[in-house]
Every structure is written in C-alpha cells, then in structure tokens.
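A closer look at the structure
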Amino acid sequence: MARIVAGIGSSHVPAIGAAIDNGKTEEPYWKRVFSGFEKSQEWMRETKPDVAIIVYNDHASAFSVDLIPTFALGCAAEFPPADEGWGPRPVPVVQGHPALASHIAQSVILDEFDLTIVNKMTVDHGMTVPMNLLFGKVDKNAHWPCPVIPLAVNVVMYPPPTGHRCFMLGRAIKKAVESYPDDLKVVIFGTGGLSHQISGPRAGLINSKWDKAFLDNLSKDPQKLVKIPHVDYMREAGAEGIEMVMWLIMRGALDDKVDEVYRFYTVPASNTAVGHIILENHRRGAKAAGKNKPAAVKHKRAAARAKVERVRG
Ligand SMILES: [Fe+2]
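Below: a short report on this structure. (Residues numbered from 1 in each chain as written. Predicted model: local features only at pLDDT ≥ 70, side-chain atom pairs only at ≥ 80, totals over all residues. Heavy atoms only, no water.)

1. Considerations on the packing of aromatic side chains
On inspection of all chains with the given rule, the structure shows seven aromatic pairs. Ring plane angle 55 degrees and centroid distance 6.3 Å describe the contact between Phe135 and Trp144, whose orientation is recorded as tilted. Take Phe135 and Trp144: they sit in the same class, and that class is buried. An aromatic cluster is present here, built from Tyr29, Trp30 and Phe34 joined pairwise through their rings. Here the guanidinium or amino end of Arg32 rests over the ring plane of Tyr29, the centre of that ring lying 4.9 Å away. (Phe/Tyr/Trp six-rings, centres within 6.5 Å; stacked < 30°, edge-to-face > 60°. Buried < 20%, exposed > 50% of the residue type's maximum accessible area, 1.4 Å probe, protein only. Lys NZ or Arg CZ within 6 Å of the ring centre and 35° of its normal.)

2. Considerations on the coordination of the iron ion
Here the iron ion is held by His12 (NE2), His59 (NE2) and Glu243 (OE), and the distances to it run 2.0 to 2.1 Å. Written as a sequence motif, the donor arrangement for the iron ion is H-x46-H-x183-E. Residue His12 is found in the loop between strand 1 (3–10) and helix 1 (14–21), and its partner His59 is found in the loop between strand 2 (51–56) and strand 3 (71–74); the two are separated by 47 residues along the sequence. (Donors = N, O, S within 2.8 Å, 3.2 Å for Na, K, Ca; no water. Helix = DSSP H or I, 4+ residues; strand = E, 2+ residues; numbered from the N terminus.)

3. Brief notes about helix 3 (residues 38–47)
The complete set of buried residues in helix 3 reads Ser40, Trp43, Met44 and Thr47. On an axial view of helix 3, the arc spanned by its buried residues comes to 100 degrees, and they lie on one face. Lys48, located one to two residues past helix 3, shows a positive phi value of around 50 degrees. (Arc of directions from axis to C-beta.)

4. Remarks on empty space enclosed by the protein
For the coordinates displayed, the defined rule picks out two cavities of 30 Å³ or more. Of the volumes computed, that of the second largest cavity is approximately 30 Å³. If you trace the second largest cavity, you find it lined by Ile20, Asp21, Arg89, Pro90, Val91, Asn132, Lys137 and Val138. Class assignment for the residues of the lining of the second largest cavity results in four nonpolar, one polar and three charged. (1 Å grid on protein atoms, 1.4 Å probe; cavity = no way out; pocket = protein on both sides within 12 Å on 5 of 7 lines; lining within 4 Å. Points joined across faces, edges and corners; volume = space filled by probe spheres on them. Nonpolar A, V, L, I, M, F, W, Y, C, P; charged D, E, K, R; others polar.)

5. A closer look at unusual backbone geometry
Here the residue pair Gly193 and Leu194 is connected by a cis peptide bond, since its omega of 0 degrees sits within 30 degrees of zero. Relative to the helices and strands, Leu194 is located in the loop between strand 8 (185–191) and helix 7 (208–220). With an omega of -15 degrees, the peptide bond running from Val267 to Pro268 counts as cis. Look at Ser270: it is not a glycine, yet its phi comes out positive at around 55 degrees. Residue position: Ser270 is located in the loop between strand 9 (258–269) and strand 10 (272–281). Relative accessible area serves as the criterion here: at 36%, Ser270 is assigned to the partly exposed category.

6. Looking at the side chain of Ser107
The residue Ser107 is located in helix 4 (residues 98–110) in this model. On the basis of relative accessible area, Ser107 is assigned to the buried category, the value being 16%. Apart from the residues within four sequence positions on either side, Ser107 is in contact with Ala176 and Ser179. (Contact = heavy atoms within 4.5 Å.)

7. Digging into the pairing of strand 8
Within strand 8, seven of the seven residues are buried, which leaves it mostly tucked inside the rest of the structure. Side-chain alternation along strand 8 places Lys185, Val187, Phe189 and Thr191 on one buried face and Val186, Ile188 and Gly190 on a second face that is also buried. Where strand 2 lies against strand 8, five bridges are found, and the strand directions are parallel. Opposite Ala52, over in strand 8, you have Val187 as the bridge partner. (Pairing = 2+ DSSP bridges.)

8. Quick notes on the state of the cysteines
This structure, assessed with the given rule, holds zero disulfides. Distance from the sulfur of Cys75, which forms no disulfide, to the nearest cysteine sulfur (Cys146) is 17 Å. (Disulfide = S-S within 2.5 Å.)

9. Focus on the layout of surface pockets
Its boundaries defined by the atoms lining it, the largest pocket holds a volume of some 470 Å³. Split by residue class, the lining of the largest pocket holds 11 nonpolar, 10 polar and two charged.

As structure tokens, then:
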C-alpha cells in the first residue's frame, strides 16, 4: 500500500526562482538562501519518493478572480509551467500521477471534503520554486525526479480555509493515500510563507519570533496551530503570512508524532522570511517505505538525524 513517509515545509518566494533561472545562486545574497537547502536535496536523493503531493497556492496564473476554488486537486497527466508575465520558467513540465490523484479525490470527497478536480492546469512559482529547492535545478528538457500531484489552496482572496480545515484535509489525504493499493512512497509538501507582506504600509513585515514558534509547534504540537484565527496570521505574519495555513495540510497528513530531521530559516529573501522544515514519520512510516532499504536501516538513519540541525537564526 502507499504511505506518506515525510512532510516538507518550504517557502516559495518567486525571486528564488528568478535567482535560479538567471544564474544568481552563487551571489552572496542568494547563496545564503540556497546553502540552507543543500542538505535537503541530499535528503531527497536518499528518500527517493515515488510521488510528491505539493500543497501550494496559485498566484492568479492558472486561476483568476473569475474562479477561485478553495481546494483544487490536479488530476492531469502533466502540468506545464505557467507564464507569470515574463514567459514560463525554464523548468520541465511537471508529470502528474492521475491514478493516485483520482483515488485521493474520490476518497476525500466521499469523506466530505469538496475538492475541485482539475484536469488541465498550469503551475506557477508556488509549486516549481519548492521543487527546485528540494530537487535542485533540472534542465527544462529533462524530467523532475518523480511525479507530482498539485493541490492548490485559495489563500489569495478572503475567506481562505481555516487552519483546522486544512489540518483535517491533511488527515483525509493521509487516509486516502494509505488506502491506495500500490506500494508507493509518498512525500507531501506544504509551501508558502513564512511571515511576509508585499504591499501597503506594512510591506516588508517579517516576524521571526512568530515564524520560529510556528515551526516549533508544527513539529511538536500542531494542535496549537490549528486554532489560530485568520486575523492572527494577518496581524502577526503579514497579509501574505496566511499562506502558512497550507503547511497544516502537510502536517495533518503525517503521524501525530514525527521526527524533525532538518530546519532552516533565514531572512530576508526578497522581503520575505524563508522557512523550511523536514518532518519524517516514525518507524511505522519508515518501515512502509522500506522497499528500497530495510526498515532497521532507515530507522537508524532517522535516529541519527533526529538531532535537529538548525541553520541560522
Ligand atoms: Fe505565495
């Protein structure tokens, strides 16, 4: 059966994508950001997921104010990069996993989460930037390392879903994946944030104290986070800080107790706080993922990394 083995939280700052595309990753300003993802890429190469579910938000690329689904699941066979105003990013077309995506859609809709099913969609920086950060730069004529199921969440027009709703959708996705008969190792991304505001009198707002508390609770006590009302995100993390609710879908899809195996936080990147975390399910998840390595080996590896690495405050 399929199993979600780990969750990844990552900001999806568009300027990070531009830095990759324009060859600026070695410039001191950007090297500070990219160096924080080197271990993550190593982790991803070791983990070798069969499928990634990526929770992100569309930034008026595939959708517009004409149509704003709260939760939209990509069930297509492929998702081309969107033209966000200066041509599509030079990244490969994202290959989907229609069979698993359709299974998730059926399972969660029958569990009373009314997803929008999307059979044709482009994907913007909200998804492709975290893919670059975790998979590295991939030539546009090559292939991403694994298929991806996009899950777009409305955080651009009020009202976005509550943190509790997001967490419970994650729970439903977990159940859906675990009822899929094929032996697939799945990872799930929550993207966006952390604190940032891109317009208005508070443009440039960053609240590192809030961000770090969010990461701490995401790892150890996510129930504290599901109660946070929208207005607190807006007040404490800025207008665009509401993107952080998407990380709760990722967290809801994991076990109650997880191993935090990596964390990175740096400010600023294009006026945004960059946050990143990797959470692995306990041995149960590692065992299910053991088609490439024995469970004991994977558990030993997880234990060795349980000493959380914290890079830059
Ligand atoms: Fe965003």
